[in-house]
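Close look at the chain arrangement
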Amino acid sequence: MLRNRQALIPYLLLVAALAGGLLWYQSAQVPQLGRVVSTGKMDVGGPFRLIDHTGKPRGDADFRGRYMLIYFGFTFCPDVCPTTLAVMAEALGKLGGDAKRVVPVFITIDPERDTPKVLADYMKAFGPNFVGLTGSAAQIKDVEKKFRVYAVKRPLEGSQGKDAGYGVDHSNVMYLVGPDGKTVSFYTDAISPDDLAKDLKSKI
Ligand code: NI
């Protein structure tokens, strides 16, 4: 599914970070009462201003005080996106009352086709709490860059001309962003709903 080698690099770094758990921590050595305490946050993510599925402007600051579980994809995605969103929905369902502290957020990497209206219809399939976000091509590029998302458009096989359909090759990572807007963790689409729920419970 992943073709463009150069664009793959940030994604590979993310995978390497998952394996090593090192790259993403900006560790600060804080001397405290004779002990050395390491603190740090993941160096991925950042502020964004987008449009939600109801057509209202929504920025990262609007989610302060709650966690965001963010996934990047596109509504025309035939397989991985709906599967991953279903995993998110199922995991949140297992959190019981704590689920209200986590907002599931879907950010499109295909703003051309994923208008607020398209997102509104799509989000319904996953649950009433899901927030779909879109924006201008530049706004989406910006948020992709901040989250080191890999997303490359590719013509669908067998289609040609100006009406040709396209798909988007993309990375499949869920990001957990804390109430302070800092990214606290991320998960690949290989995680099961049970494991995701368990990890979310330990972090929120
Ligand atoms: Ni997808």
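Scroll up to find the structure.
Conventions and cut-offs
Residues numbered from 1 in each chain as written. Predicted model: local features only at pLDDT ≥ 70, side-chain atom pairs only at ≥ 80, totals over all residues. Heavy atoms only, no water. Helix = DSSP H or I, 4+ residues; strand = E, 2+ residues; numbered from the N terminus. Polar contact = N/O pair within 3.5 Å; in protein donor to acceptor, adjacent residues only side chain to side chain. Contact = heavy atoms within 4.5 Å. Pairing = 2+ DSSP bridges. Axes fitted to C-alpha atoms, helices over the stretch in contact; angles between N-to-C directions. 1 Å grid on protein atoms, 1.4 Å probe; cavity = no way out; pocket = protein on both sides within 12 Å on 5 of 7 lines; lining within 4 Å. Points joined across faces, edges and corners; volume = space filled by probe spheres on them. Nonpolar A, V, L, I, M, F, W, Y, C, P; charged D, E, K, R; others polar. Donors = N, O, S within 2.8 Å, 3.2 Å for Na, K, Ca; no water. Buried < 20%, exposed > 50% of the residue type's maximum accessible area, 1.4 Å probe, protein only.

Quick notes on the side chain of Thr134
- Looking at the secondary structure, you find Thr134 in strand β7 (residues 131-134).
- Within the structure, the side chain of Thr134 is placed 2.9 Å from the backbone oxygen of Asp114, a separation counted as a polar contact.
- Beyond its immediate stretch of four places on either side in the chain, Thr134 contacts Leu50, Ile51, Thr108, Pro111, Asp114, Thr115, Pro116, Leu119 and Ile140.

Some words on the sheet that holds strand β4 (residues 57-59)
- Reading across from one edge, β4-β3-β7-β6-β5-β10-β11 is the order of the seven strands in this open sheet, with mixed pairing throughout. The two strands at the open ends of the sheet, each matched to only one other strand, are β4 and β11 (183-188). Between one strand axis and the next, the sheet turns through 35° on average, direction left out of account.
- Bridge count for strand β5 (residues 67-73) against strand β10 (residues 173-177) is four bridges, and the pairing is antiparallel. By the bridge assignment for β10, Met68 is matched with Val177.
- Across the sheet, helix α5 (residues 193-203) is in contact with β5, β10 and β11; its angle to β11 comes to roughly 175°.

So, the layout of surface pockets
- Within this model, the largest pocket holds a volume of roughly 210 Å³.
- Looking at the lining of the largest pocket, the elements that each hand over two or more residues are α4 (137-146), β8 (151-155) and β9 (166-170).
- Top element by residues in the lining of the largest pocket is α4. It accounts for four residues.
- By residue class, the composition of the lining of the largest pocket is eight nonpolar, two polar and five charged.

Re the coordination of the nickel ion
- Protein coordination at the nickel ion comes from Cys77 (SG), Cys81 (SG) and His170 (NE2), with a distance range of 2.0 to 2.3 Å.
- Counting gaps between the donor residues of the nickel ion yields the pattern C-x3-C-x88-H. Highlighted residues: Cys81 in helix α2 (residues 80-93) and His170 in strand β9, separated in sequence by 89 residues. The two residues Cys81 and His170 agree in class, both being buried.

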